[in-house]
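Understanding the architecture of this molecule
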Protein chains: 2
Amino acid sequence: MSIRIGIVGYGNLARGVESAIGQNPDLELCAVFTRRDPGTVRISTQNVAVEDAARLTEWQGRLDVLALCGGSATDLPKQTPEYAKYFHVIDSFDTHAHIPEHFSAVDKAARESGHLALISCGWDPGLFSLNRIYAESVLPEGKHYTFWGRGVSQGHSDAIRRIPGVKDARQYTVPVEKALEGARSGRNPEFSTREMHTRECYVVLEEGADAARVEESIKTMPNYFSDYDTTVHFISEEELKRDHSELPHGGFVLRSGSMGKGHHALVEYSLKLDSNPEFTGSVLAAYCRAVFRMAAEGSTGCISVFDVAPKYLHPADYEEQRRHLL
Amino acid sequence: MSIRIGIVGYGNLARGVESAIGQNPDLELCAVFTRRDPGTVRISTQNVAVEDAARLTEWQGRLDVLALCGGSATDLPKQTPEYAKYFHVIDSFDTHAHIPEHFSAVDKAARESGHLALISCGWDPGLFSLNRIYAESVLPEGKHYTFWGRGVSQGHSDAIRRIPGVKDARQYTVPVEKALEGARSGRNPEFSTREMHTRECYVVLEEGADAARVEESIKTMPNYFSDYDTTVHFISEEELKRDHSELPHGGFVLRSGSMGKGHHALVEYSLKLDSNPEFTGSVLAAYCRAVFRMAAEGSTGCISVFDVAPKYLHPADYEEQRRHLL
């Protein structure tokens, strides 16, 4: 008997969850729910229903876990508490600053209805968070470093696209090699924002646009670019398509700590991902299994990856896990 | 109110647990239990009882968790099931092949007495196991690689010391850089034992010993050395003391996987430890906290790190963990 999964939304992340489900024989994609006209949405998996999101509640009892693949800005703050009334749910809410309030809203809905809801799943928040909590628990005296990249930041790419005169753009976040070396050195240096990451922008201009003005607008944009060393490359639409159509990402979580007798320890975790949405989708798929198992054991309310014992993620039975992975 | 911890044994690992407890304000070392004459054992922490191990059961109700710091060959197979009758316990049992039978024996004792027992804690088994299970859950199609070192293997050092004519020895396990590169390449190569690690031996001879014969005995020793490229350096006792008195270790866990649409992902975890026993002790200290919290919630029986949700390891309350680490 497979774990029956529904996906809400059908963007990059949803397609990542879909392809990850295809790699896990105990997971089954049962339906994709969309706010578009379902007749216009073609999905990759054969024989799977594409439904109007408005009909979601009719699927109660026919889905074990619902994977919410909308955006953190406007979709998830509404959808996750709403759908937790009817299903066990999982989302990838990634606005770190608003996690506490999202958690509260989802927890209330999930407790009242007796469902289990896992929020903020993926790799950051997600696997990177796990590495932060494990390493800080083991090395209480020390310093954390999180580096992102080299990879495409969709938020920063979107910010460039909103500048008048820009037709399309791709922004790469790049960790500064010297800062990475410093983080590994055991000297626990402090870094400014500028010292840790640089930003590389590949921009296609509208015809007749003023390149110098666009470059200035990017480099001085508050929050997104003004605190970074930013380089801007103007390229053709063909070049963007040819060289920058993928969504790679990754990064590093380090903890540099000193142990009781003054000895140093360095814990380093890194990801190199050819596709950010496919990897995030793979994490969500594994956590769908965990949500199903924990809900079956009676867990309810809102949880994060910190609440999930690793055994729930892996398809093998627990004895086999100990034999082969411990 | 601190978590009251007792330590059984007082070797390198016990001293590592002791110094880690000193870094965690919510943990308190209450007693060290020894099979030696307690009057001869001087410990680092002030005002802590040193007791004859034979009197351990008299401490029921005065300790929250007992950390068993004996060896996996003969101590722990007896001690962990025995002491789980009286206390919540934790051990670092690291003979991978015998984990299933150790688990069964400890589980029986712990269930019958209503205690919680965590076995096989440390970094391998332990943090490395966690990385294997997380990465394999997320990337079901792929390949694992575990490399150890560069670091001192105490088992291999002991094996050299048992050779006639050897006064003292230190053996370093060294990962082969080329194999590490292969593991990261995305080509998922297969490696022989010899291709992954080399072994470096630093040997002090007894006066008049035959160096060529000792070297031959090391290099041809089955299981320990015969499957590896081994180098042997003869040094003086002073050099051994000066250059090889520490116990550094570390290693790498990699998973190279392909995602649903054929994109590649590389997950890499590494440790660089100036002191193996201090780091292992730091892991045990964090898991003492987890055992205490899970036992307070009613968990009993034998568990491994796979059963422990990350939140139990970190001293902060769960809301604060989400705010700062998620």
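You'll find the structure just up there.
Described in the following lines is the structure provided in the data block. (Residues numbered from 1 in each chain as written. Chains lettered and ligands numbered in written order. Predicted model: local features only at pLDDT ≥ 70, side-chain atom pairs only at ≥ 80, totals over all residues. Heavy atoms only, no water.)

Tallied over the full model, the rule gives 0 disulfides over all chains. Free cysteine: C69 of chain A, not disulfide-bonded; nearest cysteine sulfur from C288 of chain A at 8.3 Å. Among the cysteines around C288 of chain B, which has no disulfide bond, C121 of chain B carries the closest sulfur, lying 8.0 Å off. (Disulfide = S-S within 2.5 Å.)

You can see H314 of chain B is positioned in the loop between β14 (301-303) and α11 (318-325). Each residue touching H314 of chain B, except ones within four places of it in the same chain, is listed here: I133, E136 and S137 of chain A together with R289, R293, Q321 and L325 of chain B. (Helix = DSSP H or I, 4+ residues; strand = E, 2+ residues; numbered from the N terminus. Contact = heavy atoms within 4.5 Å.)

What follows concerns the nonpolar core. By size, the foremost hydrophobic cluster in this structure holds 164 residues, and its most contacted members are L66, F279 and Y287 of chain A together with L66, F279 and Y287 of chain B. Each residue touching L66 of chain B, except ones within four places of it in the same chain, is listed here: G6, I7, V8, F33, L56, Y83, F87, H88, V89 and I90 of chain B. (Core = buried A, V, L, I, M, F, W, Y, C linked by side-chain atoms within 4.5 Å. Buried < 20%, exposed > 50% of the residue type's maximum accessible area, 1.4 Å probe, protein only.)

Attention now moves to the pattern of salt bridges. Scanning the entire structure with this criterion turns up 42 salt bridges over all chains. The salt bridge partner of R255 of chain A is E136 of chain A, with a shortest N-O separation of 3.5 Å. Of this pair, R255 of chain A sits in strand β12 (residues 249-258) while E136 of chain A sits in helix α4 (residues 127-138), and the two are 119 residues apart along the sequence. R55 of chain B is the salt-bridge partner of E51 of chain B, the closest N and O atoms lying 3.6 Å from each other. (Salt bridge = Lys/Arg side-chain N within 4 Å of Asp/Glu carboxyl O.)

Overlaying chain B on chain A yields an RMSD of 0.0 Å, the required transformation being a rotation through 180 degrees with an accompanying axial translation of 0.0 Å. Taken together, the rotation and translation relating the two chain copies correspond to the operation of a two-fold axis. Comparing interface residues between copies, 100% of those in chain B also lie at the interface in chain A; the contact surface is shared. (Least-squares fit on C-alpha atoms with pLDDT ≥ 70 in both.)

This brings us to empty space enclosed by the protein. Following the criterion strictly, the structure yields 2 cavities of 30 Å³ or more and no others. Considered as a void within the structure, the largest cavity measures approximately 190 Å³ in volume. Around the largest cavity sit 19 residues that line it, and N131, Y134 and Y269 of chain A together with N131 and Y134 of chain B are the ones nearest its centre. Broken down by secondary-structure element, the contributors of at least two residues to the lining of the largest cavity are α4 and β13 (264-273) of chain A together with α4 (127-138) and β13 (264-273) of chain B. Of the residues that constitute the lining of the largest cavity, the class distribution is 17 nonpolar, 2 polar and no charged. By volume, the second largest cavity is sized at about 30 Å³. (1 Å grid on protein atoms, 1.4 Å probe; cavity = no way out; pocket = protein on both sides within 12 Å on 5 of 7 lines; lining within 4 Å. Points joined across faces, edges and corners; volume = space filled by probe spheres on them. Nonpolar A, V, L, I, M, F, W, Y, C, P; charged D, E, K, R; others polar.)

Quick look at the packing of aromatic side chains now. For the coordinates displayed, the defined rule picks out 13 aromatic pairs over all chains. Measuring from ring centre to ring centre gives 6.3 Å for Y312 of chain A and Y318 of chain A, while their planes differ by 90 degrees; the resulting arrangement is edge-to-face. A relative accessible area of 10% places Y312 of chain A in the buried class. Judged by centre distance (5.2 Å) and plane angle (75 degrees), the rings of W123 of chain B and F128 of chain B are edge-to-face. As far as burial versus exposure is concerned, W123 of chain B and F128 of chain B are alike and both buried. Here the aromatic cluster, defined as three or more aromatic residues joined through ring pairs, consists of W123, F128 and Y269 of chain A. Directly above the ring of Y228 of chain A sits R199 of chain A, whose terminal nitrogen or CZ lies 4.1 Å from the centroid. Seen from the ring of Y318 of chain A, K311 of chain A lies directly overhead, with NZ or CZ sitting 4.9 Å from the centre. (Phe/Tyr/Trp six-rings, centres within 6.5 Å; stacked < 30°, edge-to-face > 60°. Lys NZ or Arg CZ within 6 Å of the ring centre and 35° of its normal.)

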